[in-house]
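What the coordinates show
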Amino acid sequence: MALKMWALRKSLWVYHVNAGACNNCDIEVLELLTPRYDIERFGMILVGSPRHADVLAVTGVCTRQAMPRLQEVYMQTAKPCVVLAIGACANAQGIFTEAYHMGLPVDEAIKAVDPNAIIIYVPGCPPKPESMIDAAVKGMELLKTL
Amino acid sequence: MGSIVLTFILAATGTLVLGLVLRWVDRKVTAMVQWRVGPPWYQTFVDVLKLMGKENLVPVTAQGTGFLLAPMIALAGSGVTAAILWHAIAIPSQAFVGDLIVVIYLLILPALMTMLGAAASGNPHAAIGASREMKLLLSYELPMVLALLVAVAQTGWSFKLGGIIEAQAAGGSVLLSISGALAIIVAILCMQAKLGQVPFDLAEAECEIMSGVYVEYSGPSLAMFLMSRAMLLALMPLLLIIVFWGGLYTGAWWGYLTFAGKYFVLVALVTLIRNTNPRLRIDQTLKFFWFGLTPVAVLALVLALVGIAKGLPWL
């Protein structure tokens, strides 16, 4: 069990879900792959399918249209997995809180399908790549306690 | 019987370890080309270990049996190929007649099982990936077999891997003739397509059709496909060395070193081609293999036959 968790921490594969973001956080997520930050040092890579993923990097406000899709993607992800809510919008819907087209916030939308989901909040508009790496490291620490 | 099982286990596990190390080398060199640091040396092993510990999801639209069976057969096919090739290179005199043909068939097995698994998953992205994989297989298989036939013709129509190695040990590598050089160039490009490396990775185009054929695979099934791919990465250079480059020459103490050098050159070529080329479309790939490489392979075969008829070993 300890070996399994060690392997999981050393090889987090990230799937990026855009739940209605303005593209600013998405650019910052892609920044992680560049030579300056290079998250492949820690074994993290971006993958093309939620089936392969261990981390869901969710950006955006989670609109009414996006919410059922986000929940579906979460259920399609192979467990155990971690959700990173990236940016002010994904944390608490940001400046769009009262708007007519909002679904639930990202954390509540995911807790609605899985009450035990691990959610890590990365505040900022957009958050710095450093803080995303920090969040991923904290996620690894959290997985250690499972 | 016991020795057969022992050969299989040793060759399959050895090739798996070698293949995973080579995949790490590939990723590390790619990272260095892109001015990054890249993953640590144990990364590919950890990836496989992690996938083994994850959930194995079967989508509701999938045809479960085929979906779960395909990766196992792919891995088994790679394992048996490993056993035949390493046995042929270690003890050339004990090869059986037609093992080259068996190896060609077994090397198709991973691609075939990828198609089967993708089609069984019931995902439209996977269906596009499977159709591309099939077209890719149709395009590279013809020049590949023609190129291998050059070596077979030059070594006295020997369909035994051991016979090919022994003929080369007596009369020099196939590579050292004009037809042999043409054939190995064709074979290297076909190897790139067989491994699904970058100019020809259209079956699993990541940003286009979301990993294509592997889109619905998770956990242990995905790990088995990854292991099968890693083993192919270790086996294809081995096949090319056996057929074109004289196999394991152990006439002197530096024989093992030259073998390692040849192996390194072929693996480095795969990484080099992968890092310097953009992905081709499927129609471009088909044109490249059928109208570009097949005539070259036919020319090499004709040159080899003329060389045999006229007694000119350099042709």
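Residues numbered from 1 in each chain as written. Chains lettered and ligands numbered in written order. Predicted model: local features only at pLDDT ≥ 70, side-chain atom pairs only at ≥ 80, totals over all residues.

**Notes on the overall build of chain B**
Looking only at helices and strands, chain B features eleven helices and zero strands. For chain B, the α and β elements follow one another from N to C terminus as α-α-α-α-α-α-α-α-α-α-α. Along the first, second and third principal axes, the C-alpha set of chain B runs to 65 × 45 × 40 Å. Counting across all 315 residues of chain B, residues that qualify as buried make up 49%. (Helix = DSSP H or I, 4+ residues; strand = E, 2+ residues; numbered from the N terminus. Buried ≥ 20, exposed ≤ 12 C-beta atoms within 10 Å, placed from the backbone.)

**Brief notes about the interface of chain B and chain A**
Taken residue by residue, the interface counts 26 residues in chain B and 17 residues in chain A. Those elements that provide at least two residues to the side of chain B that touches chain A are α2 (43-52), α8 (206-209) and α9 (219-244) of chain B. The greatest single-element share of the side of chain B that touches chain A, amounting to five residues, is contributed by α2(B). (Contact = placed C-beta atoms within 7 Å.)

**Structural notes on helix α7 (residues 178-194) of chain B**
All names here are of chain B. For α7, built from 17 residues, the straight-helix expectation of 24 Å at 1.5 Å per residue is met to within 8% by its first-to-last C-alpha distance of 24 Å. Of all 17 residues in α7, 13 are buried; the element is thus mostly enclosed. Positive backbone phi, approximately 65°, marks G196, located one or two places after α7. (Expected span 1.5 Å × (residues − 1).)

**Observations concerning the environment of B:T13**
By secondary structure assignment, the location of B:T13 is in helix α1 (residues 2-33). Residues B:T13 and B:A82, spaced 69 residues apart in sequence, show a C-alpha to C-alpha distance of 9.1 Å.

**Describing α2(B)**
When we look at burial in α2(B), the residues that qualify are B:Q43, B:T44, B:D47, B:V48, B:K50 and B:L51. Viewed along the axis of α2(B), the buried residues span an arc of 160°, placing them on a single side of the element. The elements touched by buried residues of α2(B) are α1 (2-10) of chain A together with α1 and α9 of chain B. (Arc of directions from axis to C-beta.)

**Considering unusual backbone geometry**
Cis geometry marks the peptide bond from A:K79 to A:P80, where omega comes out at 0°. Residue placement: A:P80 occurs in the loop between α3 (66-76) and β4 (82-86). Here the bond from A:C125 into A:P126 is cis, since omega is -5°, no more than 30 degrees from zero. Despite not being glycine, A:D38 has its phi angle at roughly 40°, a positive value. Inspection of the secondary structure puts A:D38 in the loop between α2 (24-31) and β2 (45-46). Assessed through the 19 C-beta atoms surrounding it within 10 Å, A:D38 is described here as partly exposed. Located in the positive-phi region is B:W35, a residue other than glycine, with phi close to 65°. Residue placement: B:W35 occurs in the loop between α1 and α2.

**Let's talk about the sheet that holds strand β1 (residues 13-18) of chain A**
All names here are of chain A. Within the open sheet, the five strands sit side by side as β2-β1-β3-β4-β5. Their pairing is parallel. Two strands close off the open sheet at either side, each with one partner strand: β2 and β5 (118-122). Pairing of β1 with β2, which is carried by two bridges, proceeds in the parallel orientation. Within β2, the residue paired with V14 across the bridge is L46. Each of β3 (55-59), β4 and β5 is contacted by helix α5 (residues 106-113), which is oriented at about 160° to β4, the strand it contacts most. (Pairing = 2+ DSSP bridges. Axes fitted to C-alpha atoms, helices over the stretch in contact; angles between N-to-C directions.)

**What to know about the pairing of β1(A)**
Residues and elements named next belong to chain A. Counting buried positions over the six residues of β1 gives five, a clear majority of the element. A crossover links β1 with its parallel partner β2, the connecting element being α2, and its sense is right-handed. As paired strands, β1 and β3 are joined by five bridges and run parallel to one another. Bridge assignment links N18 to a residue of β3, and that residue is T59. (Right-handed = clockwise from strand over helix to strand, strands pointing away.)

**Observations concerning the pairing of β3(A)**
Residue and element names in this part refer to chain A. Burial of β3 is extensive: five of the five residues sit out of reach of the surface. Side chains of β3 alternate between two faces, with V55, A57 and T59 and L56 and V58 buried alike. Bridge count between β3 and β4: five bridges; the pairing is parallel. Bridging across to β4, T59 finds its partner in I86. Between the parallel elements β3 and β4, the chain passes through α3 in a crossover that is right-handed.

**A closer look at the packing of α1(B) against helix α10 (residues 255-275) of chain B**
All names here are of chain B. Interaxial distance between α1 and α10 falls to 10 Å at its minimum, and their mutual angle equals 40°. It follows from the interaxial angle that α1 and α10 lie oblique. Both α1 and α10 take part in a crossing whose hand is right-handed. On α10, the residues that touch L22, D26, V29, T30 and V33 of α1 are V267, T271 and N275. When its residues are assigned to classes, the contact of α1 with α10 shows four nonpolar, three polar and one charged. (Parallel < 35°, antiparallel > 145°, perpendicular 65-115°, else oblique. Left-handed = near helix turned anticlockwise from the far one by under 90°. Nonpolar A, V, L, I, M, F, W, Y, C, P; charged D, E, K, R; others polar.)

**Considering the confidence of the model for chain B**
In this model, chain B carries an average pLDDT of 86, and 98% of its residues clear a pLDDT of 70 or more. Overall fold confidence for the complex sits at a pTM of 0.88, while the interface term, ipTM, reaches 0.85. (pLDDT = per-residue confidence, 0-100.)

**Re the packing of helix α4 (residues 99-121) of chain B against helix α5 (residues 124-154) of chain B**
Residue and element names in this part refer to chain B. One way to put it is that α4 packs onto α5 with a least axis distance of 9 Å and a crossing angle of 175°. In terms of orientation, α4 lies roughly antiparallel with respect to α5. The residues of α5 that touch α4, namely those facing L100, I104, I108, A111, T114, M115, A118, A119 and S121, are A126, A127, G129, A130, E133, M134, L137, V145, L148 and V152. Its residues placed into classes, the contact of α4 with α5 shows 15 nonpolar, three polar and one charged.

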